[in-house]
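Notes for the structure review
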Amino acid sequence: MVRAVMEGLGIEAVWDALRGLRNGGDPASLPPCALTDLFAPVLAPPTAPDGCRVIGRLAQTLDGRIATASGSSQWIGGRGDILHTHRLRALCHAVIIGAGTVRQDDPRLTTREVPGESPVRVVLDTERRLSPEYRVFRDGGPPTLLACATDAPGPDPVGAAEGLRLPRAPAGGGGLDIPALLRALAARGLTRLFVEGGGVTVSRFLIAGCLDRLHVTVAPVLLGSGIPAFTLPEVGRIADGLRFAWRIFPLESEGGGDVLFDIALDRARPGGRTG
């Protein structure tokens, strides 16, 4: 957990206060402590025209890798990062992941590590290639939406998942049209969104200018090779890179503490434009 003295309040009471704002409310009413300081921006009311508040998250090594070359990624962060991830799930209406993460990790995407409601699971599978064998399609857990391109072959639904057809991203973007996805989810009342990964999916949200916050956990690990955290358009000069404000929170981990960076993106995108 985030290191904090709760000023007379137990962690359970603080967490209950945070969960109470999942569907709306004023974060200024939260008791002051490190945990509420970290999550208050997540619970802030949406300000974008699409009506969504979107938080991305990645865990990476010190040398910027989110997995080994073979795809092994569970878990780069320690216990504190696992709890942080489950808390983000519990505070959001929907958790979004790409097809590659489903294929590699077969996650459940529930809040089993913390008290709280599990979010709707949204799987982005542009070409509709995932089979019904994965747990998100058959485990009887929270509802699952399988988002794929309008012209992708394959049946709807897939297992227990409801199909969601969307246009493709504009030419050269790759994947699905992210703003169209946000509008479709907002129409279902899913407005607080957690983009859990993987790196390509988070990068596509960033390129589209559709992230309000980005949480990056850096673990004290060096791999030397592997899958990079971000896949973004190249820039020719340092001055062209996307700069941002961030806050730093230590996370408890066995064998050395992870560091969490809370980054305020406010829908900025590479190249200095806004979404």
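Report on the accompanying structure.

Cut-offs and rules
Residues numbered from 1 in each chain as written. Predicted model: local features only at pLDDT ≥ 70, side-chain atom pairs only at ≥ 80, totals over all residues. Heavy atoms only, no water. Core = buried A, V, L, I, M, F, W, Y, C linked by side-chain atoms within 4.5 Å. Buried < 20%, exposed > 50% of the residue type's maximum accessible area, 1.4 Å probe, protein only. Helix = DSSP H or I, 4+ residues; strand = E, 2+ residues; numbered from the N terminus. Contact = heavy atoms within 4.5 Å. Pairing = 2+ DSSP bridges. Axes fitted to C-alpha atoms, helices over the stretch in contact; angles between N-to-C directions. Phe/Tyr/Trp six-rings, centres within 6.5 Å; stacked < 30°, edge-to-face > 60°. Polar contact = N/O pair within 3.5 Å; in protein donor to acceptor, adjacent residues only side chain to side chain. Patch = residues over 30% accessible without salt bridge, like charges linked within 9 Å, V, L, I, M, F, W, Y side chains within 5 Å. Areas by Shrake-Rupley, 256 points an atom, 1.4 Å probe, with all protein chains shown as cover. Salt bridge = Lys/Arg side-chain N within 4 Å of Asp/Glu carboxyl O.

Some words on the nonpolar core
If you look at the biggest cluster of nonpolar residues, it comprises 37 residues, and the most contacted ones within it are Val-122, Leu-185, Leu-193, Phe-205 and Leu-211. Here this core takes five residues from helix H5 (residues 178-187), the largest share from any one element. Beyond its immediate sequence surroundings of up to four residues, Leu-193 is in contact with Cys-52, Arg-53, Val-54, Ile-55, Cys-92, Ala-94, Ile-96, Leu-182 and Leu-185. Core analysis: the second largest hydrophobic core is formed by 35 residues, Leu-21, Leu-35, Leu-43 and Ala-90 among them.

Considerations on the sheet that holds strand E10 (residues 245-251)
Adjacent strands of a sheet form backbone hydrogen bonds with each other and so pair up, either parallel or antiparallel. Taken in spatial order, the nine strands of this open sheet run E6-E5-E4-E3-E7-E1-E8-E11-E10, and their pairing is mixed. What marks the edges here is a single partner per strand, and that holds for strand E6 (162-166) and E10. Neighbour-to-neighbour, the strand axes of this sheet turn through a mean angle of 25°, independent of strand direction. The pairing of strand E3 (residues 94-98) with strand E7 (residues 192-197) spans four bridges and is classified as parallel. The residue bridging Ala-94 from the neighbouring strand is Leu-193, located in E7. Docked against the sheet, helix H3 (residues 79-91) engages strand E1 (53-61), E7, strand E8 (213-219), E10 and strand E11 (258-264), running at close to 145° with respect to E7. On the sheet, helix H6 (residues 199-207) packs against E1, E3, strand E4 (120-124), E7 and E8 and is oriented at approximately 135° with respect to E7.

Structural notes on the packing of aromatic side chains
Applying the stated criterion to the full structure yields three aromatic pairs. Residues Trp-15 and Phe-39 carry aromatic rings whose centres are separated by 6.5 Å and whose planes lie at 65° to one another, so their mutual orientation is edge-to-face. Highlighted residues: Trp-15 in helix H1 (residues 11-19) and Phe-39 in helix H2 (residues 34-39), separated in sequence by 24 residues. On the basis of relative accessible area, Phe-39 is assigned to the buried category, the value being 1%. Summarising the aromatic geometry, the rings of Phe-244 and Trp-246 are spaced 5.9 Å apart at their centres and angled 55° between planes, so their arrangement reads as tilted.

Things to note about the environment of Arg-269
Here Arg-269 shows up in strand E12 (residues 268-269). Here Arg-269 falls in the buried class, since its relative accessible area comes to 18%. Put simply, Arg-269 and Val-42 are 227 residues apart on the chain and 19 Å apart in space, counted from C-alpha to C-alpha. Separated by 3.1 Å, the side chain of Arg-269 and the backbone oxygen of Ala-208 make a polar contact.

A few points about the environment of Ile-96
Mapped onto the fold, Ile-96 is located in strand E3. Between the C-alpha atom of Ile-96 and that of Gly-197, which follows or precedes it by 101 residues, the distance is 7.2 Å. Ignoring any residue separated from it by four or fewer positions in sequence, one finds Ile-96 in contact with Val-122, Leu-124, Leu-185, Leu-193, Phe-194, Val-195, Glu-196, Gly-197 and Phe-205.

Considering the side chain of Thr-201
One can find Thr-201 in helix H6. For Thr-201, a relative accessible area of 10% corresponds to the buried category. Reaching out from Thr-201, the side chain makes a polar contact with the backbone nitrogen of Gly-98 at a distance of 3.5 Å. Apart from the residues lying within four places of it in its own chain, the contact partners of Thr-201 are Ile-97, Gly-98, Leu-124 and Val-195.

Some thoughts on a nonpolar patch on the surface
The grouping of Phe-244, Trp-246 and Ile-248 at the surface amounts to a nonpolar patch, some 330 Å² of accessible area in total. By the element assignment, Ile-248 lies in strand E10.

Considerations on unusual backbone geometry
Along the chain, Gly-197 connects to Gly-198 via a cis peptide bond; the corresponding omega equals 0°. Of note, Gly-198 is situated in the loop between E7 and H6. Positive phi, normally seen in glycine, also occurs at Asp-106, with a value near 45°. One non-glycine residue with positive phi stands out, namely Leu-109, at about 65°. Relative to the helices and strands, Leu-109 is located in the loop between helix H4 (99-105) and E4. A residue is classified by how much of its surface remains accessible, and Leu-109, at 1% relative accessible area, is buried.

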